[in-house]
Amino acid sequence: MNQTALSLSKSWQWPINMEAYDRSFEFSEQEWETIESVIAGLSPSRRRQLGSLHLLHRLFQPIDTIIDYVAIDWADETRRDVFQQTHLILTLEMYRRKTTFWAWSAQEWLESMGSNWSTFAQRYGWSSGNCRYSIGRTMLATIAYFLSSPFPLDLLVETFEITSLAKRVFGKEHLQQAITQMTAILQSWGYQERDQHPLKTCVSYLLLLNRSPYLEDLSTEILEIAGQNGSRHGVQKYLFQASRALFALGIIQKIIGGEKPYSMRFRPEYVSEEWLSWCDKWRKQSTLQSNTIDHHYALLRNVGRWLKKHHPEVTSPAHWTYELAIEYVRSVIDLKVGEWADPGNLGHIPAERMEQPLSARAKSAYLSAMRAFFRDCQEWNWVSFPFNPLRVFRTPRSVKSLIGPNPRVVDRAYWAKLLWSAMNLQEEDLPLVGKAYTSYPLEMVRAIAVVWCFAALRSNEIARLRLGCIRWQQEEVLIPETGERLAKDAICLLDIPVNKTSTAYTKPVSTTVGKYINEWEKIRPKDQPRHVDKKTGETVEFLFSYRGRRISANYVNRLIPVLCQKAGIPEQDSRGTITSHRARATIASMLYNAKDPLDIFQLQQYLGHKYLSSTQHYAQVDPTKLALDVAKAGYLEQNLATIEVLLDQDAVRSGAAAAQGEAWKYYDLGHGYCTNDFWADCKHRMACARCPFYRPKDSLKNQLVEGSANLVRMLEFVTLTEEERLLITEGIELHRELIAKLADTPTPAGPTPRELNTQRQAEAETIPLQTIQRAPRKGTK
């Protein structure tokens, strides 16, 4: 224990020696008659002088000692009034009860004081508007505290202000010394002076309970008693705060309070006691993570409700049979929301969700809880089952097929506004939702919001970030691929603590994150106590620690409504309520769909996943990007081609096309036209130059066709064969192969391409296409 920090003067002593007085003293019957005659003979104004009565003098000695101790600095007139009022009250009350104050019970003392000043004045015939007599009531409470050993403090402080009573009992100086010692360390953690008043009440209660004004005399047992009995006086609320300060001073060995036990509204009458005892036994011995244990435990209690309703004879895991296990699996598949829930918790379920089918993940959780429970019972040799729990309680394929990656990405428009609100959060924004947000400095709240929006961390990881987790690149970095140089402050690295899927690692984050974290670290109270990281067992300094305590893992979820209100958006989007974990999926999907995206393996490292399958639950391909990629893939173009068709309306209207066979439809091949009406079905359409229906564009006749005013231009889809599709993508080599393949296939005019080629070579009118060779590239032979 730090003796320097606890250097309090031990000058205070108990004001009276209880051993010096005969606590069994009682008046005789004759003495009571004497007191009665004196009271009857004195007028109300002279009854104050009862203390001077000789036979009461010896009885009032401890009373006078206490008054002298309390009123040592009071004016003489005030002291005289206190003596007279106290003597009168005690004499009248003793006469009423025919017993001395030594024998009074706590209830009789409280009856003498009255529940408030008005009832006190009325009891003794005084005017309730005369405050002169109020001091007698407070003195009576002080006397009751000293003379009773011990007086039930909870009964006393119900009608008196605790701090005022402590001042009278211990003296103002001693009480202030204890409070100053306590608040000094709390202020070094970030507590403000405005938080001292409720702490004074808590300290005063502890000192009164321990019957000593010195903090070093307190013990863990006293704080535990206060935790059990002090809830009615506002003490329990600040007991954790006081116990942390006492622990830091080395006065107590453990911190009292703070850890909220697992709690859920639960009515044991809906679950058999034996089943519940098995669940409690498993919960105490399980080695799973604490949140997993709590979740399984709640589901196992729900299973107990199902058993009591449908199979009340089954109260133990040993009673389960293979048939019952199969029935349970079937019941889980058909389970509806609220069906197995405790009646006391139904009010927390939205009305629109009641009686709706349970989600596939929830059904899987029920089966997972039973697998873990029965497996452990079997492995620990508690029970032997006639079936394999891992097989009989496995999730059916019909349920498992409904569970898959479904990243709940926040709508892009909402997310942009949330980023803005996080970076522009102001002091006046914090109290909008509740007083809970005003207890943290603006810089801390803003840093938490920015980390949530930019770092893609779990809420538990945000709460467990260490002090000094931000590191800046201290020198310029050359990127070999591009030759660019990054400035020394352009890279910000964030150290992530051990999490549920990986060990500690470091990842790059936006410099905005480093900027706001550095702003918080500059004003963060330096003397924050170190805490044990429950994940690793290390004693560390948490970054987001204030008033000697780190933020809870759920704090981000309580901060999101503030950001939504600042951004002017609702707390729900198209995928449901905006929660802390949805930021992780949103950031991952944006990185995956960026212009220069991270691949799935890089994203796995960025998110800190052990398995690639976990990353798939966070990355979602952007629909717009997917549509562009599909369009670029040219699925339609790979199977269909479009060609421009020219229609001669005059030839159709005049009947020349039908009567004389005059060309009316011209397929634009680029280098010429095909006048075959069925070109789309022609097998030689990729080698038209030798066909009688082919007309080259350089002819005068076809130039006149293009200039015709009656010409209608349109597009026509053409289905490509596999060879033609490959020809478009591969080039002229396949073109030559296609021509050779069709050399002996008749054209629409009748002759085959081989016959046409022989004929035209003889006429020397055309150059055969199959003799065309690709020009050699430059630099090649």
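These figures come from a predicted structure and were not determined experimentally.

Considering the overall build of the chain
And then number 1: Along the chain, the regular secondary structure elements total 35 helices and 16 strands.
And then number 2: Counting only residues that meet the buried cut, the chain has 44% of its 781 residues in that class.
And then number 3: Counting every atom, the chain has about 41700 Å² of accessible surface; 51% of that belongs to carbon and sulfur.

Some thoughts on the pairing of strand E4 (residues 492-496)
And then number 1: The element E4 is largely enclosed, with a buried count of four among its five residues.
And then number 2: Note: E4 against strand E5 (residues 505-509), five bridges, orientation antiparallel. For cysteine 492, the partnering residue across the bridge sits in E5 and is valine 509.

Let's talk about the packing of aromatic side chains
And then number 1: In this structure the tally under the stated criterion is 28 aromatic pairs.
And then number 2: With centroids separated by 5.9 Å and ring planes inclined at 75 degrees, the aromatic side chains of tryptophan 320 and tyrosine 328 adopt a geometry described as edge-to-face.
And then number 3: In this structure an aromatic cluster arises from ring pairing among Trp275, Trp282, Trp306, Trp320, Tyr328, Trp340, Tyr366, Phe373, Phe374, Phe385, Phe387 and Phe393.
And then number 4: When the ring centre of tryptophan 278 is taken as origin, the NZ or CZ atom of lysine 281, which lies over that ring, is 5.3 Å away.

Thoughts on the pattern of salt bridges
And then number 1: Tallied over the entire structure, the rule returns 15 salt bridges.
And then number 2: Two residues, aspartate 294 and arginine 283, come together in a salt bridge whose shortest N-O distance is 3.2 Å. You can see aspartate 294 sitting in helix H15 (residues 290-310) and its partner arginine 283 sitting in helix H14 (residues 273-285), a full eleven residues away along the chain.
And then number 3: On the basis of relative accessibility, which here comes to 23%, the residue aspartate 294 falls in the partly exposed class.
And then number 4: Under the relative-accessibility criterion, arginine 283 is labelled partly exposed at 27%.

So, helix H24 (residues 555-567)
And then number 1: Taking 1.5 Å per residue as the helical rise, H24 with its 13 residues ought to reach 18 Å, and the 19 Å between its terminal C-alpha atoms agrees with that figure.
And then number 2: Among the residues of H24, those classed as buried are Tyr555, Val556, Leu559, Ile560, Pro561, Val562, Leu563, Cys564 and Ala567.
And then number 3: Among the structural elements, helix H20 (412-423), helix H21 (442-454) and helix H22 (459-463) are those in contact with the buried residues of H24.
And then number 4: Following H24 by one or two positions, glycine 568 adopts a phi angle in the positive range, close to 75 degrees.

Concerning the environment of threonine 180
And then number 1: Secondary-structure assignment places threonine 180 in helix H10 (residues 172-188).
And then number 2: Among the residues examined, threonine 180 registers a relative accessible area of 40% and is labelled partly exposed.
And then number 3: For threonine 180 and lysine 200, which are 20 residues apart along the polypeptide, the C-alpha to C-alpha distance reads 9.5 Å.

Some thoughts on the packing of H10 against helix H13 (residues 235-248)
Each pair of packed helices gets described by two things: the angle between the helix axes and the distance between those axes.
And then number 1: As a packed pair, H10 and H13 sit with axes 10 Å apart at the nearest point and diverge in direction by 95 degrees. Comparing the axis directions of H10 and H13 gives the class roughly perpendicular. Contacts between H10 and H13 involve Met182, Ile185 and Leu186 on the former and, on the latter, Gln241, Ala242, Ala245, Leu246 and Ala248.
And then number 2: A breakdown of the residues in the contact of H10 with H13 according to their chemical character gives seven nonpolar, one polar and no charged.

Regarding the nonpolar core
And then number 1: Phe101, Trp109 and Leu147 are the most contacted members of the largest nonpolar core, which has 82 residues in total.
And then number 2: Of all the elements, helix H7 (residues 134-147) adds the most residues to this core, at nine residues.
And then number 3: Beyond its immediate stretch of four places on either side in the chain, tryptophan 109 contacts Leu90, Phe101, Trp104, Leu140, Ile143, Ala144, Leu147, Ser148 and Phe151.
And then number 4: Tyr440, Ala447, Val509 and Ala585 belong to the second-largest nonpolar core, a separate cluster that totals 60 residues.

Examining the confidence of the model for the chain
Regions with low pLDDT carry predicted coordinates that are not meant to be interpreted in detail.
And then number 1: Mean pLDDT over the chain stands at 78; residues scoring 70 or higher make up 76%.
And then number 2: Confidence drops under a pLDDT of 50 for residues 432-437, and excluding neighbours within four residues, the segment shows ten contacts in the predicted structure.

A closer look at the environment of alanine 318
And then number 1: By secondary structure assignment, the location of alanine 318 is in the loop between H15 and helix H16 (322-333).
And then number 2: With a relative accessible area of 46%, alanine 318 lands in the partly exposed category.
And then number 3: Distance in space between the C-alpha atoms of alanine 318 and glutamine 378 is 9.9 Å, their sequence separation being 60 residues.
And then number 4: Apart from the residues lying within four places of it in its own chain, the contact partners of alanine 318 are Val383 and Phe385.

Here we look at unusual backbone geometry
And then number 1: In this model, lysine 98 sits at a positive phi of 55 degrees, which is unusual for a non-glycine residue.
And then number 2: On the secondary structure map, lysine 98 appears in the loop between helix H4 (76-97) and helix H5 (106-113).
And then number 3: With phi around 60 degrees, arginine 547 is a residue other than glycine that occupies positive phi space.
And then number 4: With respect to the element layout, arginine 547 can be found in the loop between strand E8 (545-546) and strand E9 (549-550).
And then number 5: Judged by its relative accessible area of 13%, arginine 547 falls in the buried class.

Notes on the state of the cysteines
And then number 1: Per the stated rule, a full pass over the model turns up zero disulfides.
And then number 2: The closest cysteine sulfur to the non-disulfide-bonded cysteine 279 is located on cysteine 377, 8.6 Å from its own sulfur.
And then number 3: Free of any disulfide, cysteine 564 has its nearest neighbouring cysteine sulfur in cysteine 453, separated by 9.7 Å.

Some words on the side chain of glutamine 528
And then number 1: Relative to the assigned elements, glutamine 528 resides in the loop between helix H23 (511-523) and strand E6 (531-532).
And then number 2: With relative accessibility at 5%, the residue glutamine 528 sits in the buried group.
And then number 3: At 3.4 Å, the side chain of glutamine 528 forms a polar contact with the side chain of serine 545.
And then number 4: A distance of 2.8 Å separates a polar atom in the side chain of glutamine 528 from the backbone nitrogen of glycine 548.

Things to note about a positive patch on the surface
And then number 1: A contiguous patch of positive charge on the surface is contributed by Arg391, Arg394, Arg397 and Lys400.
And then number 2: One can find arginine 391 in helix H18 (residues 389-392).

Some remarks on the pairing of strand E13 (residues 665-668)
Each regular strand shows side chains that alternate between the opposite faces of the sheet.
And then number 1: Going residue by residue along E13, you find Lys665 and Tyr667 tucked away on one face and Tyr666 and Asp668 tucked away on the opposite face as well.
And then number 2: Pairing of E13 with strand E14 (residues 672-674) involves two bridges; the strand directions are antiparallel. For tyrosine 667, the partnering residue across the bridge sits in E14 and is cysteine 674.
And then number 3: Connecting E13 to the antiparallel partner E14 that follows it, the hairpin turn spans three residues, and glycine 670 within it adopts a positive phi of roughly 95 degrees.

Section: the environment of arginine 550
And then number 1: With respect to the secondary-structure elements, arginine 550 resides in strand E9.
And then number 2: Excluding its chain neighbours within four sequence positions, the residues that come into contact with arginine 550 are Ala463, Arg464, His531, Phe542, Phe544 and Ser545.

Considerations on the packing of helix H3 (residues 61-70) against H4
And then number 1: It is at 11 Å that the axes of H3 and H4 come closest, and there the two elements cross at 145 degrees. The two elements H3 and H4 cross, and the hand of that crossing is right-handed. Listed contacts from H4 to Ile63, Asp64, Ile67 and Asp68 of H3 are Arg79, Val82, Phe83, Thr86, His87 and Leu90.
And then number 2: Taken together, the residues of the contact of H3 with H4 sort by class into five nonpolar, two polar and three charged.

Cut-off values and rules
Residues numbered from 1 in each chain as written. Predicted model: local features only at pLDDT ≥ 70, side-chain atom pairs only at ≥ 80, totals over all residues. Heavy atoms only, no water. Helix = DSSP H or I, 4+ residues; strand = E, 2+ residues; numbered from the N terminus. Buried < 20%, exposed > 50% of the residue type's maximum accessible area, 1.4 Å probe, protein only. Areas by Shrake-Rupley, 256 points an atom, 1.4 Å probe, with all protein chains shown as cover. Pairing = 2+ DSSP bridges. Phe/Tyr/Trp six-rings, centres within 6.5 Å; stacked < 30°, edge-to-face > 60°. Lys NZ or Arg CZ within 6 Å of the ring centre and 35° of its normal. Salt bridge = Lys/Arg side-chain N within 4 Å of Asp/Glu carboxyl O. Expected span 1.5 Å × (residues − 1). Contact = heavy atoms within 4.5 Å. Axes fitted to C-alpha atoms, helices over the stretch in contact; angles between N-to-C directions. Parallel < 35°, antiparallel > 145°, perpendicular 65-115°, else oblique. Nonpolar A, V, L, I, M, F, W, Y, C, P; charged D, E, K, R; others polar. Core = buried A, V, L, I, M, F, W, Y, C linked by side-chain atoms within 4.5 Å. pLDDT = per-residue confidence, 0-100. Disulfide = S-S within 2.5 Å. Polar contact = N/O pair within 3.5 Å; in protein donor to acceptor, adjacent residues only side chain to side chain. Patch = residues over 30% accessible without salt bridge, like charges linked within 9 Å, V, L, I, M, F, W, Y side chains within 5 Å. Lys, Arg positive; Asp, Glu negative; His and termini not counted. Charge placed at Lys NZ, Arg CZ, Asp CG, Glu CD. Left-handed = near helix turned anticlockwise from the far one by under 90°.

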